[in-house]
Amino acid sequence: MPFAPLPEVISLGCRLNIAESETIRALVAGRDMVVVNSCAVTNAAVKATRVAIRRAKRDRPEAQIVVTGCAAQIDPASFAAMPEVDRVVGNADKLQSSAWQTHDAVVVSDIMQVRETAPHLAASFSAHARAFVEVQNGCDHRCTFCAIPFGRGPSRSVPAGAVVDRISGLVDAGHREIVLTGVDLTSYGPDLPGTPTLGQLVERILHHVPKLERLRLSSLDGIEIDDRLFALLTGEPRIMPHVHLSLQAGDDMVLKRMKRRHSRAESVALVERLKTARPDIAIGADLIAGFPTEDATMFANTLALIDDCNIVHPHIFPYSPRAGTPAARMPQVEPEVRRHRAALLREAGERSRTTWLQTLVGTHQDMLVERPGDRGHIGNFAEVVLDEPALPGDIVRITITGVTSDRLSATREPS
């Protein structure tokens, strides 16, 4: 039999891209193709996309190289001009089979005209222990630093029935943990009949898919966590004790200039409520260092937020000016200062994380085993390395024995 080429899909950026890449993989099955699903959250992410494109061409010179994702949507011409690139496909087009049937060099629709989204077509996530399900896409907010709305379009939600059917199928296929993803996940529902909330969607999933063992939510905007969602996050054992918050800064003036909708005090109060109601909950957060006009005092407030909010899963970004955004026109902090402040935030985050990990030594946990079988994550999303491999996709009972670097070490308990 002749050799059938295997397509490769390279995902950069968010969990939503990971989910979408599985659909793309199914749509391009059997083709000698490399698809780079790009990210545009920072200039560094766009640069990483270009590096991935050039590497793909070196590794597979005969394959067709296609670029899609947010960076391709925002600036298709620059990617089409790269000699390594054969085609550019937009974010609104990449999940449509028709976009992969044409030979047009650039297939990029107007993302701002998109008003619907739908669950992905992929039958499984064979390369991942957990499955990612898109329930929301796009964003109606205009944070002054962010170009993502121009890559993803307006906020739109997937009807709950379609989400339940999708998750039910994934659970039947053997997935034991599901992650709900979206660009602005907590904005779920206003565009649907009856204006359901994210909390109502989660309730419906848990009720109609009783075999689902573990549900995890991607990044949340704390100001939109209502009482229903709060009760689920803190009181439902099938929802993992891990909340990742889109905080961005810890200084009120910076938050105002970012056009964020929360204050520092509201962030701290939310975390205190979460930790009081569910002490084992682990807090993650996005934080930007060196936002325009940020002075030393403003930065100190953000640095202190790591301890004040007990952030143990920090995602730290030096501010990156994105063309066309209001923040790019504000007085800029020097690049070396941005980098230095980001390094200080990472150091503080690492200290917080190490202290937290040490508190877990000696505890008994359930771990979802990931490839190649000797590692995985427990409910609070701490990464664990096992002393002996287990079957990827299984959930095993473990005893935490120590901390190595930024990971836990563990032994498997007898079943």
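First, a word on scope: everything that follows refers to the structure included in this document. The structure presented is a predicted model; accordingly, all values stated were derived computationally and were not measured. (Residues numbered from 1 in each chain as written. Predicted model: local features only at pLDDT ≥ 70, side-chain atom pairs only at ≥ 80, totals over all residues. Heavy atoms only, no water.)

What about unusual backbone geometry?
Here is step 1: Omega for the peptide link from Arg371 to Pro372 comes to 5°, which places this bond in the cis form.
Here is step 2: Mapped onto the elements, Pro372 comes out in the loop between strand S14 (364-370) and strand S15 (375-378).
Here is step 3: One non-glycine residue, Thr293, adopts positive backbone phi at about 75°.
Here is step 4: Given a relative accessible area of 26%, Thr293 falls into the partly exposed group.
Here is step 5: Here the phi dihedral of Phe381 falls at roughly 70°; this positive angle occurs in a residue that is not glycine.
Here is step 6: Of note, Phe381 is situated in the loop between S15 and strand S16 (383-386). (Helix = DSSP H or I, 4+ residues; strand = E, 2+ residues; numbered from the N terminus. Buried < 20%, exposed > 50% of the residue type's maximum accessible area, 1.4 Å probe, protein only.)

A word on the sheet that holds strand S12 (residues 282-289)
Within a beta sheet, neighbouring strands are joined by backbone hydrogen bonds and run either parallel or antiparallel to one another.
Here is step 1: Spatial ordering of the open sheet is given by S11-S12-S13, a layout of 3 strands whose pairing is parallel. With partners counted over all chains shown, the strands left at the sheet margins are strand S11 (242-248) and strand S13 (311-318), one partner each. Pairs of neighbouring strands in the sheet enclose a mean axial angle of 20°, with direction left out of account.
Here is step 2: Relative to S12, S11 is paired through 5 bridges, and the arrangement is parallel. For Leu245, the partnering residue across the bridge sits in S12 and is Ala285.
Here is step 3: Across the sheet, helix H11 (residues 264-277) touches S11 and S12, and the angle it forms with S11 is around 175°. (Pairing = 2+ DSSP bridges. Axes fitted to C-alpha atoms, helices over the stretch in contact; angles between N-to-C directions. Contact = heavy atoms within 4.5 Å.)

Thoughts on the sheet that holds strand S4 (residues 87-89)
Here is step 1: Read across the sheet, 5 strands follow the order S1-S2-S3-S4-S5 without closing on themselves; strand pairing throughout is parallel. Across the chains shown, the open sheet's two edge strands, defined by having one partner strand only, are strand S1 (8-11) and strand S5 (106-107).
Here is step 2: For S1 and strand S2 (residues 33-38), the ladder comprises 4 bridges, and the chain directions are parallel. Residue Ser11 lies in a different strand from S2, and its bridge partner there is Asn37.

Let's talk about the pattern of salt bridges
Here is step 1: Per the stated rule, a full pass over the model turns up 22 salt bridges.
Here is step 2: Put simply, Lys94 and Glu20 hold a salt bridge, and the shortest N to O gap is 2.8 Å. Pair noted here: Lys94 is in the loop between S4 and helix H5 (97-101) and Glu20 is in helix H1 (residues 15-27), with a separation of 74 residues, a long-range link. Neither residue differs from the other here; Lys94 and Glu20 are each classed as buried.
Here is step 3: Linked by salt bridges that have partners in common, Arg130, Glu177, Arg214, Arg216 and Glu370 make up one network. (Salt bridge = Lys/Arg side-chain N within 4 Å of Asp/Glu carboxyl O.)

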